[in-house]
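Coordinate inspection notes
Spelled out from the first residue to the last, the chains are:
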Amino acid sequence: MAETAVTAALSALRAHSGEISARSVAEEFAADPQRFATMHVALDDLLFDYSKQRIDAATLAQLEALAKAADVEGKRAAMFAGKLINSTEKRAVLHTALRNFSGEPVLVEGRDVMPEIEAERARVAAFANDVREGRLRGALGQPMTDVVNIGIGGSDLGPAMATKALSPFAPANLRSHFVSNVDGADIGDTLRGLDPARTLFIISSKTFTTQETMTNAASARAWIAAALGEAAVGDHFAAVSTQLEKVAQFGIAADRVFGFWDWVGGRYSLWSSIGLPLVIAIGPERFEEFLRGGYEIDQHFREAPILQNIPMLMGLLSVWNRNILGHASQAVIPYDQRLSRFPAYLQQLQMESNGKSVQLDGAPVKESTGAVIWGEPGTNGQHAFFQLLHQGTEVVPVDFLVAAQPTNADAHHHDLLVANAFAQGEALMRGRSPGEAIAIMEKQGQSAEEAARLAPHKTFSGSRPSSTLLYSKLDPRMLGRLIALYEHKVFVEGAIWNINSFDQWGVELGKELASRLAPIVAQADADTSKLDASTAGLIGHLRNLRS
Ligand code: F6P
């Protein structure tokens, strides 16, 4: 039933899209002086402007109908209530419990998980303070100056992104590093110049089996043992995992192991003990501000009506752009250098969550799902790929993120940054007609003939959709808000597509095959006859190049 209603709502949107493409967004602005006023949501010091999207009031009404047809609100309630909505793994999805400050219990299969969340958060805070305040000493009795997180995917991208984003809140005498790649260059380059006696490693892995993380952890352990002796290892390691027995086998003492739960997905785990590197960097009080920022968005997501609800709008507009207008990718451009890892973080959040081809019951999806997410900070991107955004044959909807005020940066620089962010959104929306291009060139003294020749090259179609998230300042609370917005945006998309946004079976096959190939790559005489011709051929050439 629900699927039929969703299909009908999408068909109605498709029929309506013809009217939308008949008018430019610039014409919509000219016709409706209230367009910005009606197409933005201000949530105190965070503003979401979606007036430059290719929509009108009727589109919004139909998107609201789509959300209702897909029962996004009912599915949202099921998530917050701890229902086992990750159906392929039979798990609840409760990263929101990690930032729940309502004082209300959160039940997983009838049990309130809030006491254990709070207890674990307190342990993380105490350990982080010991590191920050120099009480935690290495084997030679020295305080730590460098913290190296070893993890990958959700056990790396979140802490790495957030620690960079909030670097102004970190003390100068305590440096954070992140090692993720199995490429030995990553750990090798990171450790070069570090003093083992003052280095603390955090092994972060939900499963504590991930090949990259375990390989890097072993190398880090060998590095400490070589410099300080095997007995020193325990003083230089801590771990975060749900697999406490496996951590114990690695040899990390229980008081340095921080847990979380299977109902926290890896890409949603920054709010849990996986945030330890961030807590060490910014301190437990700031980390709580970060959590509270996420909680504020949870409240907004649960309570605001669909068309005043920022993550609902973000998700619905994303579906509109993906399924109705056919845009296969989305760019996220933070005009905020410290958010330089935010697009990479969102790639995992959105593409691992919604890169799915089957619905919850295993039937093929009826619509294209997760768009390709990419981006780089502005203004750098302007001098690299914005040409394609403005004049390429693919239309790429853009999210611009920009702070009203800088954090520890020069005001003049910041004015230029903001002007650029707004100008790009304006240029994408407004475009420039051939007539306008010719008029400008003639004014600049070009001949009519030359102006006509160049006009096609200097014409911009306009009506290229973008949204802008304008926020007061990038501080812990605001970062928590931004992340939670995108988490819920992903949820809304997944609810409409009727997919499981919380599993990731698609990464398994490659992992399996890599494990099978590892000994064949390592052993020069291993049999390749059972491999496909391409893989066998590559291994043959590899061996030639190595010999
Ligand atoms: O790449 C798949 C994945 O399972 C991600 O979902 C996860 O964040 C990452 O690997 C790391 O997993 P773990 O924390 O278990 O090492």
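All values derive from a computational prediction rather than experimental measurement.

1. Quick word on the overall build of the protein chain
- Check the secondary structure of the protein chain and you find 21 helices and 13 strands.
- Taken against the 2.2 N^0.38 rule, which gives 24 Å for 547 residues, the C-alpha radius of gyration of the protein chain at 25 Å falls within 12% of a compact globule.
- Overall, the protein chain is about 80 × 60 × 60 Å in size when its C-alpha atoms are taken along their principal axes.
- When the 547 residues of the protein chain are sorted by exposure, 50% land in the buried category.

2. A short note on the sheet that holds strand β13 (residues 466-471)
- Pairing is mixed across the open sheet formed by six strands, whose spatial order is β1-β2-β13-β12-β10-β11. Since the sheet does not close on itself, it has two edges, and those belong to β1 (40-43) and β11 (372-374), each with one partner. Adjacent strand axes in the sheet meet at a mean angle of 15 degrees, parallel and antiparallel pairs treated alike.
- Sheet topology places strand β10 (residues 329-335) next to strand β12 (residues 398-403); five bridges connect them, and they run parallel. By the bridge assignment for β12, Ile333 is matched with Phe400.

3. Observations regarding the packing of helix α14 (residues 342-354) against helix α19 (residues 476-497)
- It is at 10 Å that the axes of α14 and α19 come closest, and there the two elements cross at 25 degrees. As the angle between them shows, α14 and α19 are arranged roughly parallel. Of the two elements, α14 crosses α19, and the hand of that crossing is right-handed. On α19, the residues touching Phe342, Tyr345, Leu346, Leu349, Gln350, Ser353 and Asn354 of α14 are Leu482, Ile483, Tyr486, Glu487, Lys489, Val490, Glu493, Gly494 and Trp497.
- Considered class by class, the residues forming the contact of α14 with α19 number nine nonpolar, four polar and three charged.

4. A word on the domain arrangement of the protein chain
- Here the domain parsing of the protein chain yields domain 1 (2-69 + 304-430 + 464-503), domain 2 (108-286), domain 3 (431-462) and domain 4 (508-546).
- Centre-to-centre, using C-alpha coordinates, domain 3 lies 56 Å away from domain 4.

5. Brief notes about the pairing of β12
- The buried fraction of β12 amounts to six of the six residues, a majority that puts the element mostly inside the structure.
- Side-chain alternation along β12 places Val398, Phe400 and Val402 on one buried face and Asp399, Leu401 and Ala403 on a second face that is also buried.
- Relative to β13, β12 is paired through six bridges, and the arrangement is parallel. By the bridge assignment for β13, Asp399 is matched with Ser467.

6. Describing the side chain of Ser467
- Position of Ser467 among the secondary structure elements: in strand β13.
- Look past the residues within four positions of Ser467 in its chain and what remains in contact with it is Phe48, Asp49, Tyr50, Gln53, Val398, Asp399 and Phe400.

7. Observations concerning the pattern of salt bridges
- Inspection of the entire model under this criterion finds 31 salt bridges.
- With a shortest N-O distance of 3.0 Å, Glu230 and Arg221 are connected by a salt bridge.
- Glu296 serves as the salt-bridge partner of Arg481, at 2.8 Å between the closest nitrogen and oxygen. Of the two residues, Arg481 sits in helix α19 while Glu296 sits in helix α12 (residues 284-303), which places them 185 residues apart along the sequence.
- Judged by its relative accessible area of 28%, Glu296 is partly exposed.
- Through salt bridges that share partners, Asp44, Asp45, Glu296, Arg477 and Arg481 make up one connected network.

8. Here's the deal with the packing of aromatic side chains
- Counted under the stated rule, the structure contains 19 aromatic pairs.
- Between Phe201 and Phe237, the aromatic rings sit 5.1 Å apart at their centres with planes inclined by 20 degrees, giving stacked as the arrangement. Taken together, the residues span a long stretch of sequence, with Phe201 in strand β7 (residues 199-204) and Phe237 in strand β8 (residues 237-241) at a distance of 36 residues.
- A relative accessible area of 1% places Phe237 in the buried class.

9. Describing helix α7 (residues 157-165)
- In terms of burial, α7 is a largely internal element, eight of the nine residues being buried.
- All buried positions along α7 are accounted for by Leu157, Gly158, Pro159, Ala160, Met161, Ala162, Thr163 and Ala165.
- For α7, the secondary structure elements touched by its buried residues are β6 (175-179), α11 (276-282), α14 and α19.

10. Re the site of the ligand
- Ser155, Ser205, Thr207, Thr210 and Glu352 are the nearest of the 14 residues found near the ligand.
- Between the ligand and the protein, one listed contact pairs an oxygen atom with a backbone N or O atom of Gly154 at 2.7 Å.
- Contact between the ligand and Ser155: an oxygen atom at 2.6 Å from a side-chain N or O atom of the residue.
- Here the ligand has 400 Å² of accessible area as a free molecule, and 87% of this is covered by the chains.

11. Let's talk about unusual backbone geometry
- A cis amide bond, omega 10 degrees, links Gly378 with the succeeding residue Thr379.
- Among the secondary structure elements, Thr379 is positioned in the loop between β11 and α15 (386-391).
- Positive phi is not limited to glycine here, since Asn498 has a value of about 60 degrees.
- Following the sequence through the fold, Asn498 ends up in the loop between α19 and α20 (508-522).
- Under the relative-accessibility criterion, Asn498 is labelled partly exposed at 23%.

12. Section: the nonpolar core
- Among the nonpolar cores identified, the biggest contains 107 residues, and Leu66, Trp263, Phe342 and Leu479 are the most heavily contacted of them.
- The biggest single contributor to this core is α19, with 13 residues.
- Three or more residues apiece are contributed to this core by two domains, here domain 1 (2-69 + 304-430 + 464-503) and domain 2 (108-286).
- Residues within four places of Phe342 in sequence aside, it is in contact with Met161, Val332, Leu401, Leu482, Ile483 and Tyr486.
- Val148, Ala217, Ala225 and Ile252 belong to the second-largest nonpolar core, a separate cluster that totals 21 residues.

13. Focus: the environment of Leu316
- Mapped onto the secondary structure, Leu316 falls in helix α13 (residues 310-324).
- Note on Leu316: relative accessible area 1%, which makes it buried.
- When the C-alpha positions of Leu316 and Ala67 are compared, they lie 7.5 Å apart, and in sequence the two are 249 residues distant.
- Once residues lying within four places of it in the same chain are set aside, the contact partners of Leu316 are Leu63, Leu66, Ala67, Ile306, Val492 and Ile496.

Definitions and cut-offs
Residues numbered from 1 in each chain as written. Predicted model: local features only at pLDDT ≥ 70, side-chain atom pairs only at ≥ 80, totals over all residues. Heavy atoms only, no water. Helix = DSSP H or I, 4+ residues; strand = E, 2+ residues; numbered from the N terminus. Rg over C-alpha atoms; globule rule 2.2 N^0.38 Å. Buried < 20%, exposed > 50% of the residue type's maximum accessible area, 1.4 Å probe, protein only. Pairing = 2+ DSSP bridges. Axes fitted to C-alpha atoms, helices over the stretch in contact; angles between N-to-C directions. Parallel < 35°, antiparallel > 145°, perpendicular 65-115°, else oblique. Left-handed = near helix turned anticlockwise from the far one by under 90°. Contact = heavy atoms within 4.5 Å. Nonpolar A, V, L, I, M, F, W, Y, C, P; charged D, E, K, R; others polar. Domains from an automatic or database assignment. Salt bridge = Lys/Arg side-chain N within 4 Å of Asp/Glu carboxyl O. Phe/Tyr/Trp six-rings, centres within 6.5 Å; stacked < 30°, edge-to-face > 60°. Near = heavy atom within 4 Å. Polar contact = N/O pair within 3.5 Å; in protein donor to acceptor, adjacent residues only side chain to side chain. Areas by Shrake-Rupley, 256 points an atom, 1.4 Å probe, with all protein chains shown as cover. Core = buried A, V, L, I, M, F, W, Y, C linked by side-chain atoms within 4.5 Å.

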